[in-house]
Amino acid sequence: MNKDAQMRAAINQKLIETGERECLKELLRAKLIECGWKDQLKSHCKEVITEKGLEHVTVDDLVAEITPKGRALVPDSVKELLQRIRTFLAQHAAFKIELDSCRKKEDNGNSRARLKKLQTVVRNQKQEWGRSSG
């Protein structure tokens, strides 16, 4: 497993352990319901089934048919939220890599300064995340 895959797995595990993954999923689910996306997609499913006939539609067919429309219907506000989550996770992944790098080096002033700077950046990002997600 390459470093990127390992980092993704580690972040995913941390999100699961802290319960943050479920919170993010609930937030996204609520946003999609709030903007009517779920109802629009449900309606499209019914149209496809009616058009093709219940006996002639498999789950795989239905998924293949509605996926493009489902993606297209996701509002920009939700796409923006997803991008913010990705950015947040990427920054934390970069921090983790730098933190591991600092810990592996000899404990000198340069490593400590870099570590302190990275911790400040992450703390500021967390504060910004908290202000803009409310």
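Residues numbered from 1 in each chain as written. Predicted model: local features only at pLDDT ≥ 70, side-chain atom pairs only at ≥ 80, totals over all residues. Heavy atoms only, no water.

A. Examining the overall build of the chain more closely. Along the chain, the regular secondary structure elements total 6 helices and 0 strands. Reading the secondary structure of the chain in the N-to-C direction produces α-α-α-α-α-α. Each of the 134 residues in the chain was classed as buried or not, and the buried ones make up 24%. Once local pairs closer than 6 in sequence are excluded, the contacts in the chain between residues at least 24 apart make up 58%. Summing over all exposed atoms, the chain offers an accessible surface of approximately 10200 Å²; the carbon and sulfur share of this is 54%. (Helix = DSSP H or I, 4+ residues; strand = E, 2+ residues; numbered from the N terminus. Buried < 20%, exposed > 50% of the residue type's maximum accessible area, 1.4 Å probe, protein only. Contact = heavy atoms within 4.5 Å. Areas by Shrake-Rupley, 256 points an atom, 1.4 Å probe, with all protein chains shown as cover.)

B. Geometry of the pattern of salt bridges. Tallied over the entire structure, the rule returns 3 salt bridges. With a closest N to O distance of 3.4 Å, Lys25 and Glu22 form a salt bridge. Placement of both Lys25 and Glu22 in helix α2 (residues 20–34) is noted, with a separation of 3 residues, approximately one turn of the helix. (Salt bridge = Lys/Arg side-chain N within 4 Å of Asp/Glu carboxyl O.)

C. Structural view of the packing of helix α3 (residues 37–52) against helix α4 (residues 59–73). Following both chains from N to C, one finds α3 and α4 inclined at 150°, their axes separated by 10 Å at the closest point. With respect to their mutual orientation, α3 and α4 come out roughly antiparallel. Like other packed secondary-structure pairs, α3 and α4 cross with a definite hand, here right-handed. Counting all contacts with α3, which are made through Trp37, Gln40, Leu41, His44, Cys45, Val48, Ile49 and Lys52, the residues of α4 involved are Leu62, Glu65, Ile66, Lys69, Gly70 and Leu73. For the contact of α3 with α4, the per-class residue count stands at 8 nonpolar, 3 polar and 3 charged. (Axes fitted to C-alpha atoms, helices over the stretch in contact; angles between N-to-C directions. Parallel < 35°, antiparallel > 145°, perpendicular 65-115°, else oblique. Left-handed = near helix turned anticlockwise from the far one by under 90°. Nonpolar A, V, L, I, M, F, W, Y, C, P; charged D, E, K, R; others polar.)

D. Quick peek at the nonpolar core. If you look at the biggest cluster of nonpolar residues, it comprises 17 residues, and the most contacted ones within it are Leu32, Trp37, Leu62, Ile66, Val74 and Val78. Elements that contribute at least two residues to this core include exactly α1 (3–18), α2, α3, α4 and α5 (76–104). With 4 residues, α3 is the largest single contributor of residues to this core. Setting aside anything within four residues of it in sequence, one finds Val78 in contact with Leu28, Lys31 and Leu32. (Core = buried A, V, L, I, M, F, W, Y, C linked by side-chain atoms within 4.5 Å.)

E. Structural view of the packing of α1 against α2. Relative orientation of the contacting elements α1 and α2 amounts to 85°, with a least axis distance of 5 Å. Overall, the two elements α1 and α2 adopt an arrangement that is roughly perpendicular. Contacts between α1 and α2 involve Asn12, Leu15, Ile16 and Thr18 on the former and, on the latter, Glu20, Arg21 and Leu24.

F. How the structure looks around α3. Its 16 residues give α3 an end-to-end C-alpha distance of 23 Å, which sits within 8% of 22 Å, the value for a rise of 1.5 Å per residue. Along α3, the residues classified as buried are Trp37, Leu41, His44, Cys45 and Val48. Along the axis of α3, the buried positions cluster into a sector of 105°, meaning they face one direction only. Turned more than 90 degrees away from the buried face of α3, the exposed residues are Asp39, Lys46 and Thr50. The inward-facing, buried residues of α3 contact α2 and α4. Just downstream of α3 lies Gly53, where phi reads positive at about 90°. (Expected span 1.5 Å × (residues − 1). Arc of directions from axis to C-beta.)

G. Here's a closer look at α4. End to end, α4 covers 20 Å across 15 residues, agreeing with the expected 21 Å (1.5 Å per residue, within 8%). The sharpest bend along α4 measures roughly 35° and falls at Ile66, with the proline Pro68 sitting one to four residues further on. Three or more residues of α4 are buried, namely Leu62, Ile66 and Gly70. (Bend = angle between axes of the 7 residues up to and from the residue.)

H. Structural view of the side chain of His44. Within the fold, His44 resides in helix α3. Residue His44 is classed as buried on the basis of its relative accessible area, which comes to 11%. In this structure His44 touches Glu65, Ile66 and Lys69, once residues within four positions along its chain are discounted.

Honestly, that's just the spatial picture; any functional story needs more than this.
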